[in-house]
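Below are the chains, spelled out letter by letter.
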Amino acid sequence: MKNILLVIQREYMVRVKKKSFLIMTFLAPLLFVGFYAVVIWVAVGSVETKTVQVLDKSGLFAGQFQNSKTINFNYLTSSLDSAKNTLKTSQATALVYIPADVMDNPKNVKIYAPKNVSLELQSDIEKVIEKQIEDIKLTEAGITRRILEDSRVNVSSETISLSEEGEKSSSSGAATAIGGICAFLIYISVFVYGTQVMRGVTEEKTSRIVEVIISSVKPFQLMMGKIIGVALVGLTQFVLWILLTVALTSAAGAFMGDKIPKDPKQIEQQVQEIRKDMPAASMQASAGPANPVSEVLSAINSLNLPLIISCFLFYFLGGYLLYSALFGAVGAAVDNDADTQQFMLPITLPIIFSFVFAQFVLRDPDGSLAFWTSIIPFTSPIIMMVRIPFGVPAWQLALSMVLLVLGFMGTTWLAARIYRVGILMYGKKVSYKELAKWIFYRA
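Okay, so let's go over this structure. Keep in mind that what you see is a predicted model, and the values were worked out from it rather than measured.

We now examine the sheet that holds strand β3 (residues 94–98). If you walk across this open sheet you meet the four strands as β2-β1-β3-β4, and the pairing is mixed. Looking at which strands have only one partner, the edges of the open sheet turn out to be β2 (71–76) and β4 (110–112). Strand-to-strand, the axes of this sheet are offset by a mean angle of 25 degrees, without reference to chain direction. Two elements, strand β1 (residues 50–56) and β3, share five bridges in a ladder whose sense is parallel. Across the sheet, residue D56 finds its bridge partner in β3, namely I98. Along the sheet, helix α3 (residues 80–89) makes contact with β1, β2, β3 and β4, crossing β3 at roughly 170 degrees.

Take a look at the structure:
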């Protein structure tokens, strides 16, 4: 045990002291927050005001095209040929031509432009014309737009889970989001940190340092020390990322505090001002919690967060330990990174399949596919984290955890049998048949 602790300490300190670790640990949250800040800034600040000319020969669309922050509409009274000539010399983005018979032939509407217009601008123009034509036809039939909007109903249901503790509000959207995020984090971490174990073993083997280490430490102790050491590095990086991301987002929120109201009363006041001019149907559709922030927090609080966090840590470590043992065995069996490709496929396929299956499990978290893939150790770390926010029977969760621990013990034993032979073998191309022989070699 003492030797394993020494290897863990060495693996942890060597990786934590690397400049690449420090740079990525502190740079990743900055890049994350900076990326979204740039996206928001570009989305808000890069939109230029466009000028669109409207030639309405029908006379039905006077005042229907409303100016906005991004589009200014100018009505023309000239002929079509004159308007097209004017468009070529003006700064206008497009010319909308509405023929006199637009009610009978709405497809005769034309949009002229010096170059192709954006799909969004074309869609906005078409929606205005479609709405006005619908209003005219409804009026002729004795139906007003107000009556039509009042007849539309938007049903927004509330989900309530029935448990032994009684009724409890739940949120399918929050469960889907949290489950997907946890599964994705485990999927990425298994690849990233498992590969680090494999490359660390390969580097020590090719540099012959491992020959010196093996003289003092048993192969199994060395392998376990590497696996646990890298796992601690991963946990350290995750914790620092979470703390730094929270700190940066809090700082950004404080910086934008003057522009974003935090007081629920202010938010309620803004919502009421927006609803003043809304028709009854739209107000009915938007009915619900006035404060969107409280709605999100309520959705998150409806989940069993302590259970989700504790299970995430268990399945993160369990999935990593299970796969990193196999990654370590692959690193011991080859002499360079190029030779690892032939052995990587059988290891990575279950991880990839489980992430693909997760998309189907989100749609049916209690189906047979969800059950079996959350029980099998090679897929359970990802699939079970998708299911937990929706609620999983205690016996299924316990069975999955027990099988994951047994799976880790089995893969560790298997990897150790390969590791003890392959770590000191050089200059030989290893096949699957050769690996099978190593497993049954006597110590």
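Our next topic: the packing of helix α16 (residues 394–422) against helix α17 (residues 432–439). The N-to-C vectors of α16 and α17 enclose an angle of 100 degrees; their axes lie 8 Å apart at closest approach. In this view, α16 runs roughly perpendicular relative to α17, as classed from their interaxial angle. Across the interface between the two elements, W413, L414, R417, I418, R420, V421 and G422 from α16 touch L435, W438 and I439 from α17. Class assignment for the residues of the contact of α16 with α17 results in seven nonpolar, one polar and two charged.

When α3 is considered as a whole, its buried residues turn out to be L80, A83 and L87. With its buried residues spanning 60 degrees around the axis, α3 presents them on a single face. Of the exposed residues in α3, those oriented more than 90 degrees away from the buried face are D81, K88 and T89. Buried residues belonging to α3 abut β1, β2, β3 and β4.

Before going further, it helps to spend a moment on empty space enclosed by the protein. Tallying each qualifying case throughout the model produces one cavity of 30 Å³ or more. Of the volumes computed, that of the largest cavity is approximately 40 Å³. Taken together, I186, Y187, V190, Y323, I351, S354, F378, P381 and I382 make up the full set of residues lining the largest cavity. Secondary-structure elements contributing two or more residues to the lining of the largest cavity are α6 (172–206), α13 (341–361) and α15 (380–387). Top contributing element to the lining of the largest cavity by residue count: α6, with three residues.

Moving on: the side chain of R15. Inspection of the secondary structure puts R15 in helix α1 (residues 2–16). At 3.5 Å, the side chain of R15 forms a polar contact with the backbone oxygen of Q196. Discounting chain neighbours no more than four positions away, the residues touching R15 are F21, Q196, G200, V230 and V233.

Looking now at the packing of aromatic side chains. According to the stated counting rule, one finds 12 aromatic pairs in the structure shown. Through successive ring pairs, a cluster of aromatic residues spans F61, F65, F73 and Y75.

The next thing to look at is the environment of T236. Mapped onto the elements of the fold, T236 is located in helix α8 (residues 219–255). A relative accessible area of 21% means that T236 is categorised as partly exposed. With 220 residues separating them in the primary sequence, T236 and V16 have C-alpha atoms 8.8 Å apart. Residues in contact with T236, not counting those within four places in the same chain, are Y12 and F21. For T236, the side chain forms a polar contact with the side chain of Y12, separated by 2.9 Å.

Cut-offs applied
- Residues numbered from 1 in each chain as written.
- Predicted model: local features only at pLDDT ≥ 70, side-chain atom pairs only at ≥ 80, totals over all residues.
- Heavy atoms only, no water.
- Pairing = 2+ DSSP bridges.
- Helix = DSSP H or I, 4+ residues; strand = E, 2+ residues; numbered from the N terminus.
- Axes fitted to C-alpha atoms, helices over the stretch in contact; angles between N-to-C directions.
- Contact = heavy atoms within 4.5 Å.
- Parallel < 35°, antiparallel > 145°, perpendicular 65-115°, else oblique.
- Nonpolar A, V, L, I, M, F, W, Y, C, P; charged D, E, K, R; others polar.
- Buried < 20%, exposed > 50% of the residue type's maximum accessible area, 1.4 Å probe, protein only.
- Arc of directions from axis to C-beta.
- 1 Å grid on protein atoms, 1.4 Å probe; cavity = no way out; pocket = protein on both sides within 12 Å on 5 of 7 lines; lining within 4 Å.
- Points joined across faces, edges and corners; volume = space filled by probe spheres on them.
- Polar contact = N/O pair within 3.5 Å; in protein donor to acceptor, adjacent residues only side chain to side chain.
- Phe/Tyr/Trp six-rings, centres within 6.5 Å; stacked < 30°, edge-to-face > 60°.

Shape descriptors only; they carry no functional weight alone.
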